[in-house]
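Chains, contacts and geometry: an overview
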Amino acid sequence: MDLLFPTAEPTVIPVLSRDGGALGAAPIRRVYCVGRNYAAHAVEMGHDPNRESPFFFQKNPDNVVRGGGPIPYPPQSDDVHHEVELVVMLKSGGSDIAVGDALDHVLGYGVGVDLTRRDLQGEAKKAGRPWEIGKAFEKSAPVTSLIAADEDFHLSTGAIWLTVNGETRQQGDVNQMIWKTPEIIAYLSRYFTLAPGDMIMTGTPAGVGPVQRGDRIVCGVDGLPELHVEIV
Ligand code: MN
């Protein structure tokens, strides 16, 4: 049958080699996000990481903003929070992937911010409702270019940080992730069929907080490009 309207253009993320050379662009298929994957963040949100495991929610591929830049303060919220996260993209997928094989499926790593309408998320939590209204909104996931993984380069340790107007707000190390990248991929693949272009936002360290119009966010993970975002 004829399409009644054109297919939406895919959101693509540039992929660079470690020396900065352009390898191409990766179209995003799905965006999986890990909740409460750093113990200190679970505690700051009022949860006990020893009693509750991390878990998943999703954003939409077209919520991703390639390379950061200006992002309008989102509508219907008075409490939008920053969450800096290590981003992992897959180049292949499957089901029931073993932890030991999981890194073979990684295309590359980047840095992203999981912008969150905390007030709306809080209402959803209280009512036992899904989180989409707090998480999966327009321009809610600015992400840098990705650095391609290889046998010598997988990102499992290194500082992860975020500043707002030059002031440090979030500071941690990706080695503090409760579920490491291979465990996240293996776990997800038991519940979903993973495929090339699936992107994972791996959770945020402690120090999340509100942003205001005019704020300049800079964040990074050691070994990856910095992400610059301005809330307008
Ligand atoms: Mn998050």
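Residues numbered from 1 in each chain as written. Predicted model: local features only at pLDDT ≥ 70, side-chain atom pairs only at ≥ 80, totals over all residues. Heavy atoms only, no water.

Observations regarding the pattern of salt bridges
Two side chains with opposite charge may pair up if their charged atoms get near one another. Threshold: The term salt bridge refers to a side-chain nitrogen of Lys or Arg lying within 4 Å of a carboxyl oxygen of Asp or Glu. In this description a helix means any DSSP run of H or I spanning at least four residues, a strand means any run of E spanning at least two, and both kinds are numbered starting from the N terminus. Only protein chains enter the accessibility calculation, which uses a 1.4 Å probe; a residue is then buried when its area is under 20% of its type maximum, exposed when over 50%, and partly exposed in between.
This structure, assessed with the given rule, holds eight salt bridges. Of the charged contacts, one joins Arg36 and Glu52 as a salt bridge, the two residues approaching to 3.5 Å between their closest N and O atoms. Of the two residues, Arg36 sits in the loop between β3 (30-35) and α1 (39-44) while Glu52 sits in the loop between α1 and β4 (55-59), which places them 16 residues apart along the sequence. Given the relative accessible area of 14%, Arg36 is considered buried. A residue is classified by how much of its surface remains accessible, and Glu52, at 36% relative accessible area, is partly exposed. Residues Lys59 and Asp114 are paired through a salt bridge, measuring 2.7 Å at the closest nitrogen-oxygen approach.

Quick look at the pairing of strand β1 (residues 12-16)
As a reminder, the rule being used: For two strands to pair, DSSP has to find at least two bridges joining them.
What you see with β1 is a clean split: Ile13 and Val15 sit on the buried side and Val12, Pro14 and Leu16 on the side with no burial. Pairing geometry for β1 and strand β2 (residues 22-27), over five bridges, is antiparallel. Its bridge partner being in β2, Pro14 is matched across the sheet by Ala25. Adjacent in sequence and paired antiparallel, β1 and β2 are bridged by five residues, among which Gly20 carries a positive phi angle near 95°. One ladder, built from two bridges, connects β1 with strand β12 (residues 146-148); its direction is parallel. Bridge pairing in β12 places Leu16 opposite Ile147.

Let's talk about helix α2 (residues 118-127)
One turn of an α-helix holds 3.6 residues; hence residues three or four places apart share an orientation. To be explicit about the condition: Directions from the helix axis toward the C-beta atoms define the arc. By the convention used here, residues are in contact when the closest approach between their heavy atoms is within 4.5 Å.
All of the buried residues along α2 are Arg118, Leu120, Gln121 and Ala124. The arc that holds every buried residue of α2, seen down its axis, measures 160°, which confines them to one face. Opposite the buried face of α2, by more than 90 degrees, sit the exposed residues Glu123 and Lys126. Structurally, α2 contributes buried residues whose contacts are with β7 (80-82), β10 (116-117) and α3 (132-135). Within two residues after α2, Gly128 carries a phi angle of roughly 65°, on the positive side.

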